[in-house]
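# Breakdown of the fold
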Amino acid sequence: MKSFVDAHCDTIVKLCGRGEELLEAPCMQLDLKRLEAFPRAVQFFAVWLDPVYYPIAMRQTMKYIAFYYKQLEKNAESIRHINTFADIIRNKEQGRHSAVLSLEGGEALEGELSALEIYHRLGVRAITLTWNHRNALADGAAENVTGGGLTRFGRDVLREMEQLNMLVDVSHLSDAGFWDVERLAQKPFIASHSNARAVCPHARNLTDDMLRALAAKGGVAGLNFYPVFLRENGEARIDDIIRHASHMLDIMGENHIGLGSDWDGIGTTPVDLQHTGELAALFTRMEQEFGAEITEKLREGNFLRVLRECLAP
Ligand SMILES: [Zn+2]
């Protein structure tokens, strides 16, 4: 079976809230039991904060990061945290999955630039600058009406993240924020879980101009499986993911698209893709549509390339 890179899931936060275990949690959309079908996968685990936690953002983030490491320690035979690209290669050679720790929303910094370095020391390797709302870094996608982009603090964070070899993630960012990142970024950046707005008009999806600019910078956009972002009526199938991928291939070429499932962050799924154990059906459809070579790039090649370019070697 084929391995993959999935640049976004909310599984850690949901498991922690429910007191479930990463090894086996049938009520979730992702667990290690169902990852067994895909040896040597690279899974990003995001720490997302419910807005009720914003007043204690750093404290709550510590709780989730501690839970993340606890779960990985319990399952060290099958999955290990990565800090560098070499860690991914070593895990693959040893037949293990790789876990990438990310933060979904700069709230966790609580406005303190030095917190970024500490999060880096704690193993965080990617940060989605905003969630949907305005924070100290920038305006989120739900604030598009304001036309606000990155704040001065957001610009400092972007510069510091690049120096620390962390991946800058523009998913959830406002349109103006996207263009600020595009203008200021010296390295490739990612949209970990965002689709094409031309195929499904939603503020969480990227316009063709954005997709083109992201690709020109060497970045990758991860296909999001949330039906609301896939199709206007909110009812989706694997074919809708294929429609987005096909449009994005036309706009960006074959080297800039990957997977960003959003597992356990989405209340509904495509009817024929309900959890990570069913990914083989998506890969089969991709191969029929785009051929084996392009499917390999979408499955893992493109995100592996950007991880190689942006993380410390
Ligand atoms: Zn998200």
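In case you missed it, the structure is sitting above this.
Model, not experiment: these values are computed from the prediction.

## Quick word on the environment of Leu49
Structurally, the position occupied by Leu49 is in the loop between β2 (42-48) and α3 (57-74). With 82 residues separating them in the primary sequence, Leu49 and Trp131 have C-alpha atoms 8.8 Å apart. In this view, Leu49 contacts Tyr54, Ala57, Gln60, Thr61, Tyr64, Glu104, Glu107 and Ala108; residues no more than four positions away in its chain are not counted.

## Concerning empty space enclosed by the protein
Counting across every chain of the model gives one cavity of 30 Å³ or more. Computed from the structure, the largest cavity encloses a volume of approximately 60 Å³. Lining the largest cavity are 15 residues, and of these Val170, Leu173, Ala203, Asn205 and Leu206 sit closest to its centre. Grouping the constituent residues of the lining of the largest cavity by class yields seven nonpolar, five polar and three charged.

## Some words on the coordination of the zinc ion
For the zinc ion, the full set of protein donor atoms is Glu104 (OE), His172 (NE2) and His193 (NE2), at a range of 2.0 to 2.2 Å. Written as a sequence motif, the donor arrangement for the zinc ion is E-x67-H-x20-H. Residue Glu104 is located in strand β4 (residues 97-104), and its partner His193 is located in the loop between β7 (190-191) and α8 (208-216); the two are separated by 89 residues in the primary sequence. The buried category is assigned to Glu104, whose relative accessible area is 3%.

## Some points on the pairing of β4
By the criterion of burial, β4 is predominantly enclosed, with eight of the eight residues buried. Pairing of β2 with β4 involves seven bridges; the strand directions are parallel. Across the sheet, the residue bridging to Phe45 is Leu101, located in β4. Here strand β3 (residues 79-81) runs beside β4; their pairing, made up of three bridges, is parallel. If you follow Arg80 over to β4, its bridge partner there is Ser98. Tracing the backbone out of β3, into helix α4 (residues 85-93) and back to the parallel element β4 gives a crossover that is right-handed. Note on the crossover from β4 through helix α5 (residues 113-121) to strand β5 (residues 124-128): the handedness is right-handed.

## Observations concerning the pattern of salt bridges
Side-chain pairs of opposite charge can arise where the charged atoms are in close proximity. Within the structure shown, the criterion is met by 21 salt bridges. The salt bridge involving Lys297 is made with Glu254; its shortest N-O contact spans 2.8 Å. In this pair, Lys297 sits in helix α12 (residues 292-310) while Glu254 sits in the loop between α10 (238-252) and β9 (257-259), placing the two residues 43 residues apart along the sequence. We classify Glu254 as partly exposed; its relative accessible area is 29%. Several salt bridges share partner residues, and in doing so they unite Arg155, Asp180 and Arg183 into one network.

## Comments concerning the packing of helix α11 (residues 279-290) against α12
Between α11 and α12, whose axes approach to 7 Å, the crossing angle comes to 135°. One way to sum up the angle between α11 and α12 is to call them oblique. The handedness of the crossing between α11 and α12 comes out as right-handed. Contacts between α11 and α12 involve Phe283, Met286, Glu287 and Phe290 on the former and, on the latter, Ala292, Ile294, Thr295, Leu298 and Arg299. Of the residues that constitute the contact of α11 with α12, the class distribution is six nonpolar, one polar and two charged.

## Quick word on the pairing of β2
With six of its seven residues buried, β2 lies for the most part within the structure. In this sheet, β2 lies alongside strand β1 (residues 5-6) in parallel orientation, the contact comprising two bridges. Bridging from a neighbouring strand, Val5 pairs with Val42 of β2.

## Some remarks on α10
For α10, built from 15 residues, the straight-helix expectation of 21 Å at 1.5 Å per residue is met to within 8% by its first-to-last C-alpha distance of 21 Å. Taken across its 15 residues, α10 has eleven buried, putting it largely inside the fold. All of the buried residues in α10 are Ile238, Asp240, Ile241, Ile242, His244, Ala245, His247, Met248, Leu249, Ile251 and Met252. For α10, the secondary structure elements touched by its buried residues are α8, β8 (220-223), α9 (227-230), β9, α11 and α12. Directly after α10, the chain includes Gly253, whose backbone phi takes a positive value near 80°.

## Re the packing of aromatic side chains
The final tally for this structure, using the stated rule, is eleven aromatic pairs. Ring centres of Phe44 and Phe303 lie 6.4 Å apart, and the angle between their planes is 50°; this geometry places the pair in the tilted category. Linking Phe44 in strand β2 with Phe303 in helix α12, this pair joins segments that are 259 residues apart in sequence. Since its relative accessible area comes to 1%, Phe44 is described here as buried. For Phe303, a relative accessible area of 1% corresponds to the buried category. The interplanar angle of 70° and the centroid separation of 5.8 Å between the aromatic rings of Phe178 and Phe189 together place this pair among those described as edge-to-face. Of this pair, Phe178 sits in helix α7 (residues 175-184) while Phe189 sits in the loop between α7 and β7, and the two are eleven residues apart along the sequence. Ring-pair connections join several aromatic residues into one group, and the members of that group are Phe4, Phe38 and Phe283. The cationic tip of Arg299 hangs over the ring face of Phe283; the distance from NZ or CZ to the ring centre is 5.9 Å.

What counts and what doesn't
- Residues numbered from 1 in each chain as written.
- Predicted model: local features only at pLDDT ≥ 70, side-chain atom pairs only at ≥ 80, totals over all residues.
- Heavy atoms only, no water.
- Helix = DSSP H or I, 4+ residues; strand = E, 2+ residues; numbered from the N terminus.
- Contact = heavy atoms within 4.5 Å.
- 1 Å grid on protein atoms, 1.4 Å probe; cavity = no way out; pocket = protein on both sides within 12 Å on 5 of 7 lines; lining within 4 Å.
- Points joined across faces, edges and corners; volume = space filled by probe spheres on them.
- Nonpolar A, V, L, I, M, F, W, Y, C, P; charged D, E, K, R; others polar.
- Donors = N, O, S within 2.8 Å, 3.2 Å for Na, K, Ca; no water.
- Buried < 20%, exposed > 50% of the residue type's maximum accessible area, 1.4 Å probe, protein only.
- Pairing = 2+ DSSP bridges.
- Right-handed = clockwise from strand over helix to strand, strands pointing away.
- Salt bridge = Lys/Arg side-chain N within 4 Å of Asp/Glu carboxyl O.
- Axes fitted to C-alpha atoms, helices over the stretch in contact; angles between N-to-C directions.
- Parallel < 35°, antiparallel > 145°, perpendicular 65-115°, else oblique.
- Left-handed = near helix turned anticlockwise from the far one by under 90°.
- Expected span 1.5 Å × (residues − 1).
- Phe/Tyr/Trp six-rings, centres within 6.5 Å; stacked < 30°, edge-to-face > 60°.
- Lys NZ or Arg CZ within 6 Å of the ring centre and 35° of its normal.

Such coordinate-based values are descriptive only and should not be taken to indicate function.
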